[in-house]
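Structure assessment
Listed here are the chains, written in short residue letters.
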Amino acid sequence: MTPPAYMIRQTSADDLAAVDLLLGRAYPRLLKADYPPSVLVMALPIISRAQPQLLRSGTYYVAEHISGQPLGAGGWTPDSRDPKLGHIRHLVTDHRFTRQGVARAILLHVFQTAERAGCTGLTCASTRTAEPFYQALGFETVGPMEVPLAQGIVFPAIRMRRNLP
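Overview of the structure.

Now for the packing of aromatic side chains. In this structure the tally under the stated criterion is four aromatic pairs. On the numbers, 5.4 Å between centres and 65° between planes, the contact of Phe133 with Tyr134 is edge-to-face. Using a relative accessible area of 25% as the deciding quantity, one classes Phe133 as partly exposed. Look at Tyr134 and you get buried, because its relative accessible area is 6%. It is Arg162 that lies over the ring of Phe111; its NZ or CZ is 4.0 Å from the centre.

The structure is reproduced here in structure tokens:
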């Protein structure tokens, strides 16, 4: 199968509906094998929503097919306490386009932009599903963590870290 033709661009508030649809369509399918239904029923309504502030941050990107369809999205934000540290945020690939280089291209773009901004390292709260992907791109597993989503709702994740050259 030939990888789709796409470009990576910075998101804006205008991308909210498209990214929301992408997250809502992809996360339930991609996470199903690694999380029990009891976790997904509580977490998916929260994590499958685009974050308007993140889309306007200037450090969140979409991989857009030449037709205009988003194939993936993701980005980073600087750490509020350590300006040399960035956090990977809300990385997703359309479930129909996994293993075709979309998320990898987004993350490589993130590495470049974070490094240009002065970051020397990146962290992420990886899903269980994405841990091998992040490891393949140089992240080291730090250990398990829980991401608080709402009162009484936490999402099991894996803390990971990568140094930037």
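There is more to say, and it comes next.
Within the open sheet, the seven strands sit side by side as β1-β2-β3-β4-β5-β7-β6. Their pairing is mixed. The two strands at the open ends of the sheet, each matched to only one other strand, are β1 (6-10) and β6 (140-150). Here the strands of the sheet are splayed against their neighbours by 25° on average, with no regard to which way each runs. Strand direction decides the pairing type here: strand β2 (residues 60-65) and strand β3 (residues 70-78), joined by five bridges, are antiparallel. Bridge pairing in β3 places Val62 opposite Ala73. Packed onto the sheet, helix α2 (residues 37-47) meets β4 (85-93), β6 and β7 (153-163) and runs at close to 65° relative to β7.

This paragraph deals with the nonpolar core. Within the largest apolar cluster, 24 residues are counted, with the highest numbers of intra-cluster contacts made by Ile88, Leu107, Val110, Phe111, Leu122, Tyr134 and Phe139. For this core, the elements supplying multiple residues, two or more each, are β2, β3, β4, α4 (102-116), β5 (121-126) and β7. Here this core takes seven residues from α4, the largest share from any one element. Here Val110 is in contact with Tyr61, Gly75, Trp76, Ile88 and Leu122, once residues within four sequence places are set aside. Formed by 19 residues, the second largest nonpolar core is a distinct cluster that contains Leu44, Tyr60, Ala73 and Phe155.

What follows concerns the side chain of His90. As for its position among the elements, His90 is in strand β4. In contact with His90, not counting residues within four places along its chain, are Leu23, Tyr27, Ile47, Arg49, Gln51, Leu54, Tyr60, Ala73 and Gly74.

Quick look at helix α1 (residues 16-31) now. The end-to-end C-alpha distance of α1 is 22 Å, a good match for the 22 Å that 16 residues give at a rise of 1.5 Å each. The secondary structure elements touched by the buried residues of α1 are α2, α3 (52-55), β2, β3, β4 and β7.

The rules behind the values
Residues numbered from 1 in each chain as written. Predicted model: local features only at pLDDT ≥ 70, side-chain atom pairs only at ≥ 80, totals over all residues. Heavy atoms only, no water. Phe/Tyr/Trp six-rings, centres within 6.5 Å; stacked < 30°, edge-to-face > 60°. Buried < 20%, exposed > 50% of the residue type's maximum accessible area, 1.4 Å probe, protein only. Lys NZ or Arg CZ within 6 Å of the ring centre and 35° of its normal. Pairing = 2+ DSSP bridges. Helix = DSSP H or I, 4+ residues; strand = E, 2+ residues; numbered from the N terminus. Axes fitted to C-alpha atoms, helices over the stretch in contact; angles between N-to-C directions. Contact = heavy atoms within 4.5 Å. Core = buried A, V, L, I, M, F, W, Y, C linked by side-chain atoms within 4.5 Å. Expected span 1.5 Å × (residues − 1).

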